[in-house]
Amino acid sequence: MKLKDRISIVTGASSGIGRGIALEFAKEGAKVVVADVREEPKCGKYYEREPRPPTTQEIQDLGGQGMFVKTDVSHEQEIRSLVEQTIERYGGLDILVNNAGLNLTGTTQDLEVWDWDKVLNVNLRALFLSTKFSVPHLTRSEFGRIIHIASVHFSGGGSGPAYASSKAAVINLARDTSLEVGQYGVTVNVLCPGFIETPSQDYMTPEMIEADRKRTLLPRLGLPKDIGRAAVFLASDDAEWITGASLVVDGGYIAAI
């Protein structure tokens, strides 16, 4: 097992990509703290349409250890409490995965200012806060890892001004933090998913989904497990000499750009 007994936090882990990461971590022996605003997995109109058990229950069914902490990452105190509860329960922290994200589509003309603020609070400010509260514990770990989940939209527009801007900023947040914590052996990296089959795609039309499928070079769209396995790699000893890096996991979606 690549992550045996390592203590991890995964935000936004009740559904979608976060759930995929949490389950893959558990399969590799990690203790997983599932942080989300709700414990029940979301059901989508295109993907993950059937009800499923909570992520922590699936982790336990796999023989792993996990706990759920209700967390709204847009609130500073809830992030602080998440880290504190993790330390209280497990005695340390080895891996932080900042996966929780928000996308409110629109142009600069029809996106309200408070919608811009809401997206940036979840997609960028929350990553700063979780990093701030986790670093004191990660620097004491022999296996300290920070993994941010961005998007292929870090490299260009097409998903709204707030979302694209926030995901681009995540890249440099990781690079800057890697300078700060590298001396302690802590790595900081980013995963940039392409189209992944999750309930977060509910805002799309079938025509939009088909256009993304055609643009993806490999013969299928992405699954949460695909991002989960990449996260396992970055969290494991196999990636101990990789930091400040961004890994695109998109089936070739942006290869033509």
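Cut-offs applied
Residues numbered from 1 in each chain as written. Predicted model: local features only at pLDDT ≥ 70, side-chain atom pairs only at ≥ 80, totals over all residues. Heavy atoms only, no water. Phe/Tyr/Trp six-rings, centres within 6.5 Å; stacked < 30°, edge-to-face > 60°. Helix = DSSP H or I, 4+ residues; strand = E, 2+ residues; numbered from the N terminus. Buried < 20%, exposed > 50% of the residue type's maximum accessible area, 1.4 Å probe, protein only. Lys NZ or Arg CZ within 6 Å of the ring centre and 35° of its normal. Salt bridge = Lys/Arg side-chain N within 4 Å of Asp/Glu carboxyl O.

Q: Give me the lowdown on the packing of aromatic side chains, citing residues and values where you can.
A: All chains considered together, the criterion is met by 2 aromatic pairs. Here Y47 and F195 contribute two aromatic rings whose centre-to-centre distance is 6.1 Å and whose plane-to-plane angle is 80 degrees, an arrangement assigned as edge-to-face. In this pair, Y47 sits in the loop between β2 (31–36) and α2 (55–61) while F195 sits in the loop between β6 (187–193) and α6 (206–215), placing the two residues 148 residues apart along the sequence. For the pair formed by Y47 and F195, the shared burial category is buried. A connected cluster of aromatic rings, assembled from ring pairs, spans Y46, Y47 and F195. Its guanidinium or amino end placed over the ring of Y253, R215 lies 4.3 Å from that ring's centre, counting from NZ or CZ.

Q: Talk me through the pattern of salt bridges; I want residue IDs and the actual numbers.
A: All told, the structure shown has 10 salt bridges when counted by the stated rule. Across the salt bridge formed by R6 and D237, the nearest N and O atoms sit 2.9 Å from each other. Highlighted residues: R6 in the segment before β1 (7–11) and D237 in the loop between α7 (224–235) and β7 (246–249), separated in sequence by 231 residues. Classification of R6 as buried rests on a relative accessible area of 7%. Residue classification places D237 among the partly exposed positions, given a relative accessible area of 38%. One salt bridge in this structure joins E58 and R19, with 2.4 Å as the shortest N-O distance. With E58 in helix α2 and R19 in helix α1 (residues 16–27), the pair connects residues that are 39 residues apart, well separated along the chain. Overlapping salt bridges bring together E24, K27, E28 and R229 as one network.

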